[in-house]
Amino acid sequence: MTGRSRARDRSRPSGGALWLPTKLPNLAAWYRGDLGITLNGGTVSAWADQSGNGRHATNGTAAQQPTYGTASGMRGHAALSFDGGDILTTSAFDMPRACSCFVVCGSLTTRGMLVEHGNGDGFYLYADGNAAAAVFGATGLGYHRSFQNPPTTWTPANSHSAMIYDESAAPVLRSSDGVITPTSTDGVAQASQTRNKSLSIGARSGLSLQHNGQILEVILYSRALTAGEIAAVELYLSNRYGV
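Keep in mind the model is a prediction, meaning the values are calculated, not measured. (Residues numbered from 1 in each chain as written. Predicted model: local features only at pLDDT ≥ 70, side-chain atom pairs only at ≥ 80, totals over all residues. Heavy atoms only, no water.)

**Looking at the overall build of the chain**
What counts, and what does not: Counting from the N terminus, the helices are DSSP H or I runs at least four residues long and the strands are E runs at least two residues long. Think of it in three bands: residues with accessible area under 20% of the maximum for their type are buried, residues over 50% are exposed, and the middle band is partly exposed, with areas taken using a 1.4 Å probe on protein chains only. The contact definition used throughout considers only heavy atoms, calling two residues in contact when any of these lie within 4.5 Å. The method behind every accessible area is Shrake-Rupley, applied with a 1.4 Å probe, and residues are considered shielded solely by the protein chains displayed.
Looking only at helices and strands, the chain has 1 helix and 20 strands in total. Looking at the 243 residues of the chain, the share that counts as buried comes to 51%. Once local pairs closer than 6 in sequence are excluded, the contacts in the chain between residues at least 24 apart make up 68%. Accessible surface, the chain as shown: approximately 9,400 Å² in total, 48% of it carbon and sulfur.

In structure tokens form, the structure reads like this:
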């Protein structure tokens, strides 16, 4: 898989060293629109994981591959455009319930599933519906914890969205405007559990709950980040995308 140049990276604060998501431990997977892109004509057949874990997101079916624009996203950054029928998926890998997931979206037509580990049995970050972020419990037990009924003012368009989950309460949903307050939460505490599942980007496995819009970057950690670490990731995203 071939990467693209880092020369246009705007994530370096003025006078400071370049900060990247690899600076923090437990980086499970990282995808960025200008790195690790394999093209099938004008569509993306593979998006290489930049974490070093080899969890590349792929799709061999041309009709289900997102289109690619080298400068179509915010601030002229590269973006993958999912049309409501596209999905990229990794091989299965272990993830605990505790996690931190950041997704940068550009233009948006219809909200849908941004990222999901599993298929209704792991965790997800969903840009529509009453459960915007959820971590599922053991088989047959439904939600472990979920963030219910996000305010209608929340939109992932031209913004970053993040789910932070530490197993002690409902997931925390964040955006470029800060913490988003749920109308309600759901689920009960259950024993910690590691899931060996694939990661899907742009839709739920099987092409349901499809997202129609741009995705520029996905960052996933296999633990809940601290407040200082969250601030570092969000500063990196702000410096790079202006969100």
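**Some points on the packing of aromatic side chains**
Quick reminder of the rule: Centres within 6.5 Å are what make two rings of Phe, Tyr or Trp a pair, Trp counting through its six-membered ring; a difference in plane orientation under 30 degrees is then read as stacked, over 60 as edge-to-face, and the rest as tilted.
Under the counting rule described, the total for this entry stands at 3 aromatic pairs. With a centroid separation of 5.6 Å and 45° between ring planes, the pair formed by Y31 and W47 is classed as tilted. Of this pair, Y31 sits in strand 1 (residues 27-32) while W47 sits in strand 3 (residues 43-47), placing them 16 residues apart in sequence. Among the residues examined, Y31 registers a relative accessible area of 0% and is labelled buried. A centroid spacing of 6.1 Å and a plane angle of 80° characterise the contact between Y124 and Y126, whose relative ring orientation is edge-to-face.

**Comments concerning the pairing of strand 14 (residues 159-165)**
Short version of the rule: DSSP bridges decide pairing: two strands pair if at least two such bridges lie between them.
Counting buried residues in strand 14 gives 7 out of 7 residues, a clear majority hidden from the surface. Residues S159, S161, M163 and Y165 of strand 14 are buried on one face, and the alternating residues H160, A162 and I164, pointing to the opposite face, are buried as well. Sheet topology note: the strand 9 (residues 99-110)/strand 14 ladder contains 7 bridges and is antiparallel. Residue C101 lies in a different strand from strand 14, and its bridge partner there is M163. From the end of strand 14 to the start of strand 15 (residues 172-175), which pair antiparallel, there are 6 residues, and E167 there has a positive phi angle of about 80°.

**What about the environment of S51?**
Rules: In protein, a polar contact means a hydrogen-donor-capable atom and an acceptor-capable atom, both N or O and within 3.5 Å, with residues adjacent in sequence counting only if both atoms are side-chain atoms; elsewhere, any N or O pair within 3.5 Å suffices.
In this fold, S51 is placed in the loop between strand 3 and strand 4 (57-58). Using a relative accessible area of 17% as the deciding quantity, one classes S51 as buried. Linking S51 and L27, residues 24 residues apart in sequence, is a C-alpha distance of 6.2 Å. Excluding residues within four positions of it along the chain, S51 makes contact with L27, A28, A29 and W30. At 3.0 Å, the side chain of S51 and the side chain of N53 are in polar contact.

**Some remarks on the pairing of strand 11 (residues 123-126)**
Of the two faces of strand 11, the one carrying F123 and L125 and the one carrying Y124 and Y126 are both buried. Examined bridge by bridge, strand 10 (residues 113-117) and strand 11 share 4 bridges and lie antiparallel to one another. The residue of strand 11 that forms the bridge with H117 is F123. Here strand 10 hands over to strand 11 after 5 residues, with G118 in that stretch at a positive phi of 100°.

**Things to note about the environment of G202**
Residue placement: G202 occurs in the loop between strand 19 (199-201) and strand 20 (212-221). As for G202 and F82, which are separated by 120 residues in sequence, their C-alpha atoms are 6.4 Å apart. Excluding residues that lie within four positions of it along the chain, G202 makes contacts with F82, D86, M113, L114, Q210, H211 and I215.

**Focus on the state of the cysteines**
Each disulfide consists of a covalent bond between the sulfur atoms of two cysteine residues. Filter applied, for reference: In what follows, a disulfide is any cysteine sulfur pair within 2.5 Å.
For the structure on display, the rule yields 0 disulfides. Between C101, a free cysteine, and C99, which holds the nearest cysteine sulfur, the sulfur-to-sulfur gap is 7.0 Å. Given the relative accessible area of 0%, C101 is considered buried.

The analysis is restricted to geometry; functional conclusions fall outside its scope.
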